[in-house]
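# Observations on chain architecture
Okay, here's what each chain looks like letter by letter:
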Amino acid sequence: DDFVLRTLLQKEIARKKVTASDREVDDILKEMKTNLPPGVTIEDLLKRNNIDPAKIRGEIAMNVQINKLVLTELGGKVTVSEKEYADFYQKNKKNFTRPETVHARHLLIAFAEGDSDTVKAQKKARAEELRKELLAGADFAALAKKHSDCPSKEKGGDLGSFPRGQMVQPFEEAAFSQAVNEIGPVVATEFGFHLIQVLDRQAAQVMPLDKEAKTQIAPYLEKQKQQDAFDGLIKRLKANASIVVYGQEAAGR
């Protein structure tokens with residue numbers, strides 16, 4: 001089947017005089033190189049798998065030619081109609097739900113390896129004193145920058161927005177239960193003692209079928225259209241060919 005498929009495509013490529021330039025092949029090789037692990041070259045990979053560089057260029061060239069054939073089947077470009085966007089959106093609406101998020105900042109008094117209960121109690125007392133300063137009107141960002149042990153201190157403790165499932169459980173429970181702008185009680189986690197302030201909260205919501213959603217949908221629909229066009233091309237080529245299988249002859253198979 002693979003041999004038949006390849007032969008049919010090669011004949012169609014020759015019949016329509018579809019070409020692949022060296023530049024098109026080089027561009028794909030460059031893209032392949034960017035996806036390799038650090039320190040691994042395309043040459044190393046080919047040598048390790050005993051692949052002739054000329055052969056891989058030939059395979060890439062043929063893929064370029066096949067893609068051009070498929071585009072010809074589609075009239076030169078892949079287009080998605082508004083109805084197709086809407087149908088896909090309706091069938092996959094659950095995938096366009098933005099989860100509930102909070103935007104929070106924190107100040108961390110971190111644990112160190114080997115901290116005794118006494119040291120931890122002292123660190124909690126320090127966190128409580130800082131909380132009193134915040135409740136009295138001290139600037140959160142300034143205190144975080146001066147006292148926090150988290151790298152986020154360089155941003156005034158700002159952690160950005162995050163959904164559930166990204167923070168350790170005690171921190172998450174506090175962040176998602178606190179009122180906006182409230183200085184919550186000291187929260188203990190495996191990392192230390194946190195002072196948390198929620199800056200904003202966004203409820204879960206369904207994404208509208210807007211430009212952003214269409215940008216996410218387009219690759220799926222375009223790929224499906226290309227696959228359908230490829231399948232249709234192969235079906236037509238088989239129907240117009242005389243294919244002989246060992247021990248059996250079947251025109252159009």
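Residue numbers here run from 1 along each chain, matching the order of that chain's written sequence. Where totals are concerned, whole chains, interfaces and linings use all residues; where local detail is concerned, this predicted model gives features only for residues with pLDDT of at least 70, and gives and counts side-chain atom pairs only at 80 or more. To get the side-chain values, take all heavy atoms of the structure and skip hydrogens and water.

### Here we look at the layout of surface pockets
Regions of empty space are outlined by a rolling probe, equal in size to a water molecule, passed over the atoms. Under the convention used in this document: Buriedness of a pocket was judged along seven lines, with at least five required to meet protein on both sides within 12 Å; pockets are open sets of points on a 1 Å grid over the protein atoms alone, cavities are sets where a 1.4 Å probe fits but cannot get out, and lining residues have an atom within 4 Å of a point. Grid points are joined across faces, edges and corners, and a volume is the space filled by probe spheres set on the points. Numbering of helices and strands runs from the N terminus, with a helix taken as a DSSP run of H or I at least four residues long and a strand as a DSSP run of E at least two residues long.
What the largest pocket holds in volume is close to 240 Å³. As for the largest pocket, its lining consists of Asn63, Ile66, Asn67, Val70, Leu71, Lys223, Gln226, Gln227 and Phe230. Of all elements in the fold, only α4 (53–73) and α9 (211–239) reach the threshold of two or more residues within the lining of the largest pocket. Among the elements that make up the lining of the largest pocket, the one with the highest residue count is α4 (five residues).

### Side note on the sheet that holds strand β4 (residues 187–189)
Through backbone hydrogen bonds, the strands of a sheet pair up, either in parallel or in antiparallel fashion. This is how it is decided: Strands pair, by our definition, only if DSSP identifies at least two bridges between them. In this description, a line fitted to the C-alpha atoms serves as the axis of each element, helices being fitted only across the stretch in contact, and the angle between N-to-C directions of two axes falls anywhere from 0 to 180 degrees.
In spatial order, the strands read β3-β2-β5-β4; together these four strands make up an open sheet with antiparallel pairing. Looking along the sheet, the strands with just one partner apiece sit at the ends: β3 (158–163) and β4. Going from strand to strand, the sheet's axes swing by 45 degrees on average, the running direction of each strand aside. By the bridge criterion, four bridges tie strand β2 (residues 101–110) to β3 in an arrangement that is antiparallel. Note that in β3 the partner of Arg105 across the bridge is Asp158.

### Digging into the pattern of salt bridges
Note the cut-off: The rule for a salt bridge is simple: a side-chain nitrogen of Lys or Arg has to be within 4 Å of a carboxyl oxygen of Asp or Glu. Relative accessibility decides the category of a residue: with a 1.4 Å probe and only protein chains considered, values under 20% of the type maximum give buried, values over 50% give exposed, and everything between is partly exposed.
In this structure the tally under the stated criterion is 15 salt bridges. A salt bridge links Glu24 to Lys68; the shortest N-O distance between them is 3.1 Å. With Glu24 in helix α2 (residues 22–34) and Lys68 in helix α4, the pair connects residues that are 44 residues apart, well separated along the chain. Look at Lys68 and you get partly exposed, because its relative accessible area is 29%. Its salt-bridge partner being Glu212, residue Arg98 comes within 3.2 Å of it at the nearest N-O pair.

### Details of the packing of aromatic side chains
The line we're drawing: Ring geometry is summarised as follows: Phe, Tyr and Trp rings, the Trp one being its six-membered ring, pair when their centres sit within 6.5 Å, and such pairs are stacked at plane angles under 30 degrees, edge-to-face over 60 and tilted between the two. Counting as a charge over the ring demands two things of the Lys NZ or Arg CZ atom: a distance within 6 Å of the ring centre and an angle within 35 degrees of the ring normal.
All told, the structure shown has five aromatic pairs when counted by the stated rule. Centre to centre, the rings of Tyr89 and Phe96 are 5.4 Å apart; their planes meet at 45 degrees, and the pair counts as tilted. Residue class for Tyr89 comes out buried when judged on its relative accessible area of 7%. Ring centres 5.1 Å apart and planes at 85 degrees place the aromatic pair Phe111 and Phe193 in the edge-to-face group. With Phe111 in the loop between β2 and α6 (117–135) and Phe193 in strand β5 (residues 192–202), this pair connects stretches of sequence that are 82 residues apart. Take Phe193: its relative accessible area is 9%, and that puts it in the buried class. Pairwise contacts between aromatic rings join Phe162, Phe171 and Phe176 into one cluster. A cation sits over an aromatic face here: Lys120 above Phe111, 4.8 Å from the ring centre.

### Examining helix α7 (residues 140–147)
Counted only if it meets this: The directions from the helix axis to the C-beta atoms are what the arc is built from. Whether two residues are in contact is decided by their heavy atoms, any of which lying within 4.5 Å being enough. Pairs of N or O atoms are called polar contacts if they sit within 3.5 Å, as long as, within protein, a hydrogen donor faces a hydrogen acceptor (for residues adjacent in sequence, only side-chain-to-side-chain pairs).
The complete set of buried residues in α7 reads Phe140, Leu143, Ala144 and His147. Projected down its long axis, α7 shows its buried positions confined to an angular sector of 100 degrees, all on one face. For α7, exposure combined with an orientation more than 90 degrees from the buried face picks out Lys145 and Lys146. Along its buried surface, α7 packs onto β2, α6 and β5. Among the residues of α7, the N-terminal cap falls to Asp139, whose side-chain oxygen and the backbone nitrogen of Ala141 are separated by 3.3 Å.

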